[in-house]
Amino acid sequence: CSSKYVLSPMHPMWQGPLAVPGGDRQSPIDIVVRKSIFDGELKPLVTSYDPHTCQQIWNNGYSFLVEYDDTTDKSTLKGGPLKDKFRLCQFHFHWGETNAWGSEHTLDRKLFPAELHLVHWNSDKYSLFEEAVMEDNGLAVIGVFLKVGKRHEGLQKLVDALPAIRHKDSVVEFNRFDPACLLPTNTDNYWTYHGSLTTPPLTESVTWIIMRQHIEVSHDQLAVFRSLLFTSAEEEVQRSMVNNFRVQQPLRGRTVRSSFI
Ligand SMILES: NS(=O)(=O)c1ccc(Cc2ccc([N+](=O)[O-])cc2)cc1
Ligand SMILES: [Zn+2]
């Protein structure tokens, strides 16, 4: 999907007000677990991803993205809080320079070393990602917290491809990767709220679905994330791609619902 618009952290946009002026549904947020409201209407998530729609992995100067062919309804998400069917467009991560921080969302202020985002757009209502990005119910992003522990076998194929995209704007072909292997075993327990993209254009078009269960990756696997660079090969000063997360934004009276008691 065409997520080439994501701006690097050095882009003037980041120097300006980090909240969209008048934005009252910005992301990420701190999820205060005891203030989340159980909603019995929330259904289990239904993901159906076709590994053959995986196309490429690239360094966009802010994170690395694994992009999927979203010209058909082959890799989709439905159920959960969603009324429509959403098409997988890409997934990416946010991480810190140490294991002490790196996630965008927090649970009762607890930071995780990294966070996975699986980005989908509403293909029942829109025909292109770019259209959906501007609309209230246009996007659905699944967030999964990462913890440091045992090696994640499914992630290793992705980690092995990272040295080839060390610099900004480098791309390599990447096929047959099933993103379902990055989901926790239990996807029935999640929080959901209405928010925004966490990078420019920060549009308030995202239904966030944050998994209660984290996944584990090894310290060494995370270290390879940190070996990526924000900078392109031409630039004199190389800067490590770390701390590519946005700080938590005000809740502004929003309700966070939970699918579990
Ligand atoms: N971190 S996140 O909120 O999951 C996120 C997900 C997707 C993107 C990529 C993106 C790509 C393109 C556009 N656009 O066309 O306006 C907007 C966003 C940016 C950020
Ligand atoms: Zn993200």
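In this text, all values refer to a predicted model and were calculated from it rather than measured experimentally. (Residues numbered from 1 in each chain as written. Chains lettered and ligands numbered in written order. Predicted model: local features only at pLDDT ≥ 70, side-chain atom pairs only at ≥ 80, totals over all residues. Heavy atoms only, no water.)

Draft legend 1. Summary view of the overall build of the protein chain. A count of helical and extended segments in the protein chain gives four helices and 15 strands. A globule of 261 residues ought to have a C-alpha radius of gyration of about 18 Å, and the protein chain, at 17 Å, matches this closely. Sequence-distant contacts in the protein chain: of pairs separated by 6 or more residues, those separated by 24 or more amount to 73%. Counting only carbon and sulfur atoms, one obtains 54% of the accessible surface of the protein chain, whose full area is about 11,400 Å². Of the side chains in the protein chain, 27 bear a positive and 31 a negative charge, and the two mean positions are spaced by 5 Å. (Helix = DSSP H or I, 4+ residues; strand = E, 2+ residues; numbered from the N terminus. Rg over C-alpha atoms; globule rule 2.2 N^0.38 Å. Contact = heavy atoms within 4.5 Å. Areas by Shrake-Rupley, 256 points an atom, 1.4 Å probe, with all protein chains shown as cover. Lys, Arg positive; Asp, Glu negative; His and termini not counted. Charge placed at Lys NZ, Arg CZ, Asp CG, Glu CD.)

Draft legend 2. Geometry of the confidence of the model for the protein chain. For the protein chain, mean pLDDT is 94; residues scoring 70 or higher make up 92% of the total. Across the interface, the model reports ipTM at 0.92; the global pTM reads 0.94. (pLDDT = per-residue confidence, 0-100.)

Draft legend 3. View of the pairing of strand β5 (residues 64-68). Here β5 lies mainly inside the structure; five of its five residues are buried. Side-chain alternation along β5 places F64, V66 and Y68 on one buried face and L65 and E67 on a second face that is also buried. Sheet analysis places strand β4 (residues 54-59) next to β5, joined by five bridges and oriented antiparallel. Residue pairing across strands places I57 opposite V66, the latter belonging to β5. In sequence, β4 turns back onto β5 through a hairpin of four residues, with G61 there showing a positive phi of about 85 degrees. Relative to strand β7 (residues 86-95), β5 is paired through three bridges, and the arrangement is antiparallel. If you follow L65 over to β7, its bridge partner there is H92. (Buried < 20%, exposed > 50% of the residue type's maximum accessible area, 1.4 Å probe, protein only. Pairing = 2+ DSSP bridges.)

Draft legend 4. Quick peek at the packing of aromatic side chains. With the rule as written, the count across this model stands at 11 aromatic pairs. Seen from their ring centres, W191 and F260 are 5.3 Å apart, and the 75 degrees between their planes marks the pair as edge-to-face. Residue W191 is found in strand β12 (residues 190-195), and its partner F260 is found in the segment after β15 (257-258); the two are separated by 69 residues along the sequence. Each member of the pair, W191 as well as F260, is classed as buried. Taken together, the ring pairs in this structure connect F64, Y68, F91, F93, W95, F174, F177 and F225 into an aromatic cluster. The ring of F112 has K110 lying over it, and the distance from NZ or CZ to the ring centre is 4.8 Å. When the ring centre of F174 is taken as reference, the NZ or CZ atom of K157 above it lies at 5.1 Å. (Phe/Tyr/Trp six-rings, centres within 6.5 Å; stacked < 30°, edge-to-face > 60°. Lys NZ or Arg CZ within 6 Å of the ring centre and 35° of its normal.)

Draft legend 5. Just the nonpolar core, in detail. Formed by 44 residues in total, the largest nonpolar core has its most connected members in F64, F91, F93, I142 and L158. Among the elements that line this core, the one with the most residues is β7, at five residues. Not counting chain neighbours up to four residues away, the residues in contact with L158 comprise I57, F64, V66, F91, F93, F174 and F177. Membership of the second largest hydrophobic core comes to 22 residues, among which are L107, F112, V119 and Y126. (Core = buried A, V, L, I, M, F, W, Y, C linked by side-chain atoms within 4.5 Å.)

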